[in-house]
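Secondary and tertiary structure notes
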Amino acid sequence: MQTKSAAPAAATRPKLSSQPWLHQRGVEIQAFGTVRQFPVALSADTRLYSCQRLNQLLADSQILVALYKKHHWLMRGATFYQLHLLLDKHAGEQLVLIDAIAERVQTLGGVAVGDPRHVAEITRVPRAPDGCEEVPAMLSRLLEAHELILTDAHEAAARTAEQGDDGTNDLIVSQVIRTGELQAWFLAEHLVDTPLVRA
Ligand SMILES: [Fe+2]
């Protein structure tokens with residue numbers, strides 16, 4: 001009579017452990033600046049080009065987020081509270097944006113720039129002083145970063161559309177440009193020298 005097979009002897013049983021495999025290292029499995037083959041009806045050249053343009057926008061936008069947080073922290077003066085909150089709101093919106101840009105790079109088979117030190121090598125946004133600038137200078141600095149990104153975004157949107165990458169064009173136009181323009185408006189209004197009480 002067939003009996004239920006007994007559990008394997010301890011000696012033959014694979015060694016089980018709940019110990020995590022720590023301190024692992026591996027080879028780089030995709031180089032930055034390359035694309036994998038993805039079936040998204042876009043040529044490798046088109047996807048490679050879009051990834052390069054998107055990574056530039058991604059690096060500059062990550063620096064913009066950092067500048068917004070820096071200035072959110074360092075804000076001062078009579079309009080401290082309003083600007084402190086506004087700059088944090090803009091930083092949060094840019095954070096959503098950079099995630100969308102990064103995921104577009106991945107969608108196209110590329111590698112999104114992530115490490116802040118790599119970002120610093122790529123960005124064209126000028127570095128702010130380590131200390132604190134006057135409030136109007138902080139706002140001007142943010143506006144200039146916005147305009148640099150917007151200039152690049154308009155050009156990248158046109159070129160990616162020419163190459164048939166409608167998804168990247170749509171992301172740049174509907175998210176990068178629209179968000180950037182709106183935030184620039186909110187900032188610029190704080191640099192209008194207008195009387196507060198008496199005309
Ligand atoms: Fe905060």
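No experiment lies behind these values; they were computed from the predicted model shown.

How each quantity is defined
- Residues numbered from 1 in each chain as written.
- Predicted model: local features only at pLDDT ≥ 70, side-chain atom pairs only at ≥ 80, totals over all residues.
- Heavy atoms only, no water.
- Helix = DSSP H or I, 4+ residues; strand = E, 2+ residues; numbered from the N terminus.
- Rg over C-alpha atoms; globule rule 2.2 N^0.38 Å.
- Buried < 20%, exposed > 50% of the residue type's maximum accessible area, 1.4 Å probe, protein only.
- Salt bridge = Lys/Arg side-chain N within 4 Å of Asp/Glu carboxyl O.
- Phe/Tyr/Trp six-rings, centres within 6.5 Å; stacked < 30°, edge-to-face > 60°.
- Lys NZ or Arg CZ within 6 Å of the ring centre and 35° of its normal.
- 1 Å grid on protein atoms, 1.4 Å probe; cavity = no way out; pocket = protein on both sides within 12 Å on 5 of 7 lines; lining within 4 Å.
- Points joined across faces, edges and corners; volume = space filled by probe spheres on them.
- Nonpolar A, V, L, I, M, F, W, Y, C, P; charged D, E, K, R; others polar.
- Patch = residues over 30% accessible without salt bridge, like charges linked within 9 Å, V, L, I, M, F, W, Y side chains within 5 Å.
- Areas by Shrake-Rupley, 256 points an atom, 1.4 Å probe, with all protein chains shown as cover.
- Contact = heavy atoms within 4.5 Å.
- Axes fitted to C-alpha atoms, helices over the stretch in contact; angles between N-to-C directions.
- Parallel < 35°, antiparallel > 145°, perpendicular 65-115°, else oblique.
- Left-handed = near helix turned anticlockwise from the far one by under 90°.

As a further point, take the overall build of the protein chain. Counting its regular elements, the protein chain contains 5 helices and 0 strands. The globule rule puts the C-alpha radius of gyration for 199 residues at 16 Å, and the 24 Å found for the protein chain is more than 25% above it. Structurally, the protein chain occupies a C-alpha span of about 105 × 45 × 35 Å along its principal axes. Expressed as a percentage of its 199 residues, the buried residues of the protein chain come to 36%.

According to the stated counting rule, one finds 11 salt bridges in the structure shown. For the salt bridge of Asp88 with Lys69, the shortest nitrogen-to-oxygen distance reads 2.7 Å. Linking Asp88 in helix α2 (residues 80-107) with Lys69 in helix α1 (residues 44-74), this pair joins segments that are 19 residues apart in sequence. Asp88 gets classed as partly exposed once you look at its relative accessible area, which sits at 29%. Among the salt bridges present, the one from Arg127 reaches Asp130, with a minimum N-O distance of 2.9 Å. Comparing Arg127 with Asp130 shows no difference in burial state: the two are exposed. In the salt-bridge network here, residues are joined through shared partners; they are Arg53, Arg124, Asp152, Glu155, Arg159 and Glu162.

Glancing now at unusual backbone geometry. Despite not being glycine, His23 has its phi angle at roughly 55°, a positive value. Mapped onto the secondary structure, His23 falls in the segment before α1. Given the relative accessible area of 73%, His23 is considered exposed. Notably, Ala41 is not glycine yet its phi reads approximately 60°, a positive angle. By the secondary structure assignment, Ala41 is in the segment before α1.

Take the packing of aromatic side chains next. Per the stated rule, a full pass over the model turns up 1 aromatic pair. Over the ring of Phe186 we find Lys89, and its NZ or CZ is 6.0 Å from the ring centre.

Here we come to the layout of surface pockets. There is about 310 Å³ of room inside the largest pocket. If you go around the largest pocket, you meet 13 residues; those closest to its centre are Thr79, His190, Val192, Thr194 and Leu196. Per element, the largest residue contribution to the lining of the largest pocket is 3 residues, and it comes from helix α4 (residues 135-162). For the lining of the largest pocket, the residue count by class is 7 nonpolar, 4 polar and 2 charged. Lining the second largest pocket, in full, are Ile63, Ala66, Leu67, Lys70, Trp73, Thr123, Val125, Pro126, Arg127, Ala128, Pro129 and Asp130. The residue inventory of the lining of the second largest pocket, partitioned by class, reads 8 nonpolar, 1 polar and 3 charged.

Turning our attention to empty space enclosed by the protein. Enumeration according to the criterion identifies 1 cavity of 30 Å³ or more in this entry. Roughly 50 Å³ of volume is contained in the largest cavity. In terms of lining residues, the largest cavity is bounded by Ser61, Leu64, Gln94, Leu97, His146, Ile149, Leu150, Val176 and Gly180. Contributing elements (two or more residues each) for the lining of the largest cavity: α1, α2, α4 and α5 (166-188).

The next subject is a nonpolar patch on the surface. Nonpolar side chains collect at one region of the surface, where Phe80, Tyr81 and Leu85 lie side by side and expose about 310 Å² of accessible area between them. Mapped onto the elements of the fold, Tyr81 is located in helix α2.

Turning our eyes to something else, we now look at the side chain of Lys70. Mapping Lys70 onto the fold places it in helix α1. The residues contacting Lys70, other than those within four sequence positions of it, are Ala128, Pro129, Asp130 and Gly131.

Quick look at the packing of α4 against α5 now. Helices that pack against each other are described as a pair by the angle of their axes relative to one another and the distance between those axes. In contact at an axis separation of 9 Å, α4 and α5 are set at 160° when each is read in the N-to-C sense. Between α4 and α5, the angle is such that the two are roughly antiparallel. Between α4 and α5 lies a crossing of left-handed hand. In this structure, α4 uses Leu139, Leu142, Leu143, His146, Ile149, Leu150, Ala153, His154, Ala156, Ala157, Thr160 and Ala161 to contact α5, whose residues at the interface are Thr168, Asn169, Ile172, Val173, Val176, Ile177, Gly180, Glu181, Gln183, Ala184, Leu187 and Ala188. Looking at the contact of α4 with α5 residue by residue, the classes come out as 16 nonpolar, 7 polar and 1 charged.

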